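Observations on chain architecture
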Amino acid sequence: MAVPQIQLNDNHSIPQLGFGVFKVDPGVTQGVVEAALAAGYRHIDTATGYSNEAAVGAAVRASDLPRDQLFVTTKLANADHRAGDFRGAYERSLAALDLDYIDLYLIHWPMPAVEKYVAAWQEFIHFRDEGLTKSIGVSNFQIEHLDAIIAATGVVPAVNQVELHPVFQERDLRAYHDAHGIVTEAWGPLGQGRWALDSYPAIAAAAAAHGKSPAQVILRWHIQHGTVIFPKASAPAHMADNFAIFDFELAPAELAAIDALDTNQRLGGNPYTNN
Ligand code: NAD
């Protein structure tokens, strides 16, 4: 079954399921992304900080797929953000990817102590208006950071990419996103291996009931909540597993049982202190 497209607030759309390449070695990234494209993925999430933009671009260029059927996200590196070199960073990303445009460009972290994220957002709006990137958004922004960029510019980010999985569900932030027309993207959708996927009975029971793996149940839970996801999987079996999530549906009680696993404790980097 086809991957759903999610409408963004700027009239572009994004495939709800993509493929993430955080910590994929630059030396193997081209092959891994080519395998992901062959498996059906059409949306790749990279970042300057992952050091594998060039390999992602090479895989995209090597594919026979029309460029407009692929969706590529990359992100402003913290060092460039700190230096205030927003345009230089964008140009280096585009050159590394060797593509004509980026589909979605994100401010990777707000780094509030640096006090430049509003200036970065103002420059991002220029990138979009100049047609360098189709869509612009942010990552790891909390409500006060979103309030600040919207108040300063009137431009609402298309997405906010944040840590989000059954153990940390970001309810307040998601309610804010829904109220403002921001699409929620989940990073670490499988918890980044920080907890065993089959360790929660709610997940294991749904997996058994549907003849699916715990990973598929978790990804399906995200999909039914309308979240955009791009799990990382170098193993071909996991890559295929994570793509096969559109042929079953979790019942309301199964969704509620996974909703109940929220601890409201983030496991990854803290947006307030990662400066
Ligand atoms: P993830 O939650 O996608 O987990 C990846 C881990 O799960 C890997 O160890 C993989 O081997 C394992 N896995 C994958 N499929 C599996 C399956 N079917 N069964 C069992 N295990 C499986 O973590 P992630 O890679 O950190 O997050 C996904 C993407 O989010 C990244 O690749 C990156 O693109 C993005 N990301 C963004 C930020 C940010 O600050 N914006 C931070 C981290 C990650």
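Here, every reference points to the structure presented above.
Structural notes, computed from the coordinates.

Conventions adopted
Residues numbered from 1 in each chain as written. Predicted model: local features only at pLDDT ≥ 70, side-chain atom pairs only at ≥ 80, totals over all residues. Heavy atoms only, no water. Helix = DSSP H or I, 4+ residues; strand = E, 2+ residues; numbered from the N terminus. Buried < 20%, exposed > 50% of the residue type's maximum accessible area, 1.4 Å probe, protein only. Contact = heavy atoms within 4.5 Å. Areas by Shrake-Rupley, 256 points an atom, 1.4 Å probe, with all protein chains shown as cover. Lys, Arg positive; Asp, Glu negative; His and termini not counted. Charge placed at Lys NZ, Arg CZ, Asp CG, Glu CD. Expected span 1.5 Å × (residues − 1). Polar contact = N/O pair within 3.5 Å; in protein donor to acceptor, adjacent residues only side chain to side chain. Core = buried A, V, L, I, M, F, W, Y, C linked by side-chain atoms within 4.5 Å. Salt bridge = Lys/Arg side-chain N within 4 Å of Asp/Glu carboxyl O. Pairing = 2+ DSSP bridges. Axes fitted to C-alpha atoms, helices over the stretch in contact; angles between N-to-C directions.

**Thoughts on the overall build of the chain**
- For the chain, the helix and strand inventory stands at 11 helices and 10 strands.
- Over its C-alpha atoms, taken along the principal directions, the chain stretches across nearly 50 × 40 × 30 Å.
- Counting over 275 residues, the chain shows a buried share of 54%.
- Taking the contacts inside the chain whose residues are at least 6 apart along the sequence as the reference set, 73% of them involve residues at least 24 apart.
- Entry remark: accessible area of the chain is about 11000 Å², with carbon and sulfur atoms responsible for 52%.
- Taking the 18 positively charged and 31 negatively charged side chains of the chain as two groups, their mean positions are separated by 3 Å.

**Quick notes on helix H4 (residues 86-97)**
- Compared with an ideal rise of 1.5 Å per residue, which puts 12 residues at 16 Å, H4 spans 17 Å between its outermost C-alpha atoms and is within 8% of the ideal.
- Turning to H4, its buried residues are Phe 86, Gly 88, Ala 89, Tyr 90, Ser 93, Leu 94 and Leu 97.
- Of the surrounding elements, those touching the buried residues of H4 are helix H2 (53-62), strand S5 (71-76), helix H3 (78-83), strand S6 (102-107), helix H5 (117-129) and strand S7 (133-139).
- Between a side-chain oxygen at the N-terminus of H4 and the backbone nitrogen of Gly 88 the separation is 3.2 Å; the capping residue is Asp 85.
- Once H4 ends, the next one or two residues include Asp 98, with phi positive near 55°.

**A short note on the nonpolar core**
- Among the nonpolar cores identified, the biggest contains 70 residues, and Phe 19 and Trp 121 are the most heavily contacted of them.
- Here Phe 19 is in contact with Val 32, Ala 36, Tyr 41, His 43, Ile 44, Asp 45, Phe 230, Pro 231, Ala 233 and Met 239, once residues within four sequence places are set aside.
- Judged by nonpolar contacts, the second largest core, of 11 residues, contains Ile 6, Phe 71, Leu 104 and Ala 158.

**Description of the pattern of salt bridges**
- On inspection of all chains with the given rule, the structure shows 10 salt bridges.
- For Asp 45, the salt bridge identified is with Lys 75, shortest N-O distance 2.7 Å. Here Asp 45 is found in strand S4 (residues 43-45), whereas its partner Lys 75 is found in strand S5, with 30 residues between them in sequence. Summarising the burial analysis for this pair, Asp 45 and Lys 75 share the class buried.
- Asp 85 is the salt-bridge partner of Arg 92, the closest N and O atoms lying 2.9 Å from each other.

**Considerations on the sheet that holds S7**
- Read from one edge of the open sheet, 8 strands run S3-S4-S5-S6-S7-S8-S9-S10, paired in parallel fashion. Whereas interior strands pair on both sides, the edge strands pair on one side only; in this sheet they are strand S3 (19-20) and strand S10 (228-229).
- Sheet strands touched by H4: S5, S6 and S7. Its angle to S6, the strand with the most contacts, is close to 140°.

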